[in-house]
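Letter by letter, the chains look like this.
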Amino acid sequence: MTISKQFFWCFFPTLHSLYCADTRNTCIQDVFLGGVDTSAVTVSWAMTELIKNPEVMKKVQEEIRSYDLGMKGKVEESDLHQFIYLKMVITETMRLHPPGPLLLPRESKKL
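**Q** Sorry if this is basic, but what is going on with helix 5 (residues 84–96) here?
**A** Helical periodicity: at 3.6 residues per turn, an α-helix aligns residues three or four positions apart in one direction. Taking 1.5 Å of rise per residue, 13 residues should cover 18 Å, and helix 5 covers 19 Å from first to last C-alpha, within 8% of that figure. Taken residue by residue, helix 5 has Tyr85, Leu86, Val89 and Thr93 as its buried positions. Axial view of helix 5: buried residues confined to an arc of 105°, hence all on one face. Along helix 5, exposed side chains directed more than 90 degrees from the buried face belong to Thr91 and Arg95.

This is how it looks when you write it as structure tokens:
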């Protein structure tokens with residue numbers, strides 16, 4: 001079910017004046033960069049934790065290197081379910097350094 005443009009602008013007239021190509025492009029860019037930045041920060045924390053714990057880094061490296069790549073020659077997204085220890089490292093990184101503080105603050109209210 002789609003909402004017609006007339007219905008939308010009838011209830012949100014102030015958005016109509018703000019909605020232009022520049023505004024739309026800026027919003028899309030902010031959403032894209034926000035998602036990329038959050039992922040980049042998480043990966044940076046994971047690498048930092050691995051550098052601080054060389055035994056853990058060695059175990060993750062051994063797990064990835066021992067995986068049989070076959071004819072592919074590289075690890076693909078479909079192979080990630082095989083790396084149990086890597087999943088644990090990522091989960092622990094998310095626990096220690098959650099991306100939540102990077103998100104907009106919210107307030108819960110009882111309705």
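So that's the structure; there's more coming.
**Q** I keep staring at the side chain of Thr42 and nothing clicks. Help me out?
**A** If you trace the backbone, Thr42 turns up in helix 3 (residues 21–52). In contact with Thr42, other than residues within four places in its own chain, are Thr93, Met94 and Pro99.

**Q** What is the right way to look at the packing of aromatic side chains in this model?
**A** Considering all chains together, one arrives at one aromatic pair under this definition. Taking 5.2 Å as the distance between ring centres and 70° as the angle between the ring planes, the aromatic pair formed by Tyr67 and Phe83 counts as edge-to-face. Residue Tyr67 is found in the loop between helix 4 (54–65) and helix 5, and its partner Phe83 is found in the loop between helix 4 and helix 5; the two are separated by 16 residues along the sequence. Residue Phe83 is classed as buried on the basis of its relative accessible area, which comes to 2%.

**Q** Hey, could you run me through the side chain of Asp79 in this one?
**A** Here Asp79 is to be found in the loop between helix 4 and helix 5. Each residue touching Asp79, except ones within four places of it in the same chain, is listed here: Tyr67, Lys72 and Lys74.

**Q** Help me understand a nonpolar patch on the surface in this model?
**A** Together, Ile64, Val75 and Leu80 line one region of the surface with nonpolar side chains, adding up to about 210 Å² of accessible area. Considering the arrangement of structural elements, one finds Val75 in the loop between helix 4 and helix 5.

Criteria and thresholds
Residues numbered from 1 in each chain as written. Predicted model: local features only at pLDDT ≥ 70, side-chain atom pairs only at ≥ 80, totals over all residues. Heavy atoms only, no water. Helix = DSSP H or I, 4+ residues; strand = E, 2+ residues; numbered from the N terminus. Expected span 1.5 Å × (residues − 1). Buried < 20%, exposed > 50% of the residue type's maximum accessible area, 1.4 Å probe, protein only. Arc of directions from axis to C-beta. Contact = heavy atoms within 4.5 Å. Phe/Tyr/Trp six-rings, centres within 6.5 Å; stacked < 30°, edge-to-face > 60°. Patch = residues over 30% accessible without salt bridge, like charges linked within 9 Å, V, L, I, M, F, W, Y side chains within 5 Å. Areas by Shrake-Rupley, 256 points an atom, 1.4 Å probe, with all protein chains shown as cover. Salt bridge = Lys/Arg side-chain N within 4 Å of Asp/Glu carboxyl O.

Such coordinate-based values are descriptive only and should not be taken to indicate function.
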